[in-house]
Amino acid sequence: DVNYDFVSLDISQDRIPLGLFGHSAFKIKAGGFLNNQTVYFMDYNHFLGNVGTTSDPTYYGVFHFLPFYTFSTKDPFLEVHFQHNFAGAIFDNIPFLRSLKLEEIIGANYLSEKNNPNYSEFYFGIKRLIFGADYGVAYQGNKKYLQGFRIFYGLR
């Protein structure tokens, strides 16, 4: 009952060491349907979004604020994820915070597809072992889409 051909390409690196400045991670994914004559919604490309307060930090290809299924598409798409962990490079210079061994995190996510050409998210936060929290803002084009805090926990 379906008639489609889908292709995608992922490029990622989850730990790029930057010496005293911590480490970075990125993921770039592009794809689309070569043939989409008969594609039902369940077969669209669905992006890993989040509408809850908690987030999974173990996978870098996750959007912090993207609602589930709202941006699903059968058209070509590009998504980019970047995160940098300063590994204490900033907080280690503040005596009280140094003892807490907190790690500073910044990141950005981007999505472009036919119906939503410029969705982006920016966030910053802190992490300690398997727990963390961050604050971020999402934009759809030039307009603020969502903002808020995310709490995460998990082992990588």
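Residues numbered from 1 in each chain as written. Predicted model: local features only at pLDDT ≥ 70, side-chain atom pairs only at ≥ 80, totals over all residues. Heavy atoms only, no water.

### Regarding the packing of aromatic side chains
Inspection of the entire model under this criterion finds 14 aromatic pairs. The interplanar angle of 70° and the centroid separation of 5.9 Å between the aromatic rings of F63 and Y119 together place this pair among those described as edge-to-face. Of the two residues, F63 is situated in the loop between β3 (54–55) and β4 (77–85) and Y119 in strand β6 (residues 116–128); the sequence distance between them amounts to 56 residues. In this pair, the class of F63 matches that of Y119, namely buried. Among the aromatic residues, those joined into a cluster by ring pairs are Y4, F6, F33, F47 and F77. (Phe/Tyr/Trp six-rings, centres within 6.5 Å; stacked < 30°, edge-to-face > 60°. Helix = DSSP H or I, 4+ residues; strand = E, 2+ residues; numbered from the N terminus. Buried < 20%, exposed > 50% of the residue type's maximum accessible area, 1.4 Å probe, protein only.)

### Side note on the pattern of salt bridges
Counted according to the given criterion, the structure contains 1 salt bridge. The shortest N-O distance in the salt bridge between K27 and D10 comes to 3.6 Å. With K27 in strand β2 (residues 23–38) and D10 in strand β1 (residues 3–17), the pair connects residues that are 17 residues apart, well separated along the chain. Judged by its relative accessible area of 38%, D10 is partly exposed. (Salt bridge = Lys/Arg side-chain N within 4 Å of Asp/Glu carboxyl O.)

### Brief notes about unusual backbone geometry
Positive phi outside glycine occurs at Y69, with the angle close to 70°. Tracing the backbone shows Y69 in the loop between β3 and β4. Positive phi, normally seen in glycine, also occurs at A87, with a value near 50°. Among the secondary structure elements, A87 is positioned in the loop between β4 and α1 (95–100).

### Thoughts on the environment of P76
Assignment of secondary structure puts P76 in the loop between β3 and β4. Judged by its relative accessible area of 58%, P76 is exposed. As a C-alpha pair, P76 and G31 span 45 residues in sequence and 5.6 Å in three-dimensional space. Not counting chain neighbours up to four residues away, the residues in contact with P76 comprise G31, G32, S112, E113 and K114. (Contact = heavy atoms within 4.5 Å.)

### Comments concerning a nonpolar patch on the surface
Taken together, the side chains of L9, I11, I28 and L78 present a nonpolar region at the surface, about 330 Å² in accessible area. Looking at the element boundaries, L78 is found in strand β4. (Patch = residues over 30% accessible without salt bridge, like charges linked within 9 Å, V, L, I, M, F, W, Y side chains within 5 Å. Areas by Shrake-Rupley, 256 points an atom, 1.4 Å probe, with all protein chains shown as cover.)

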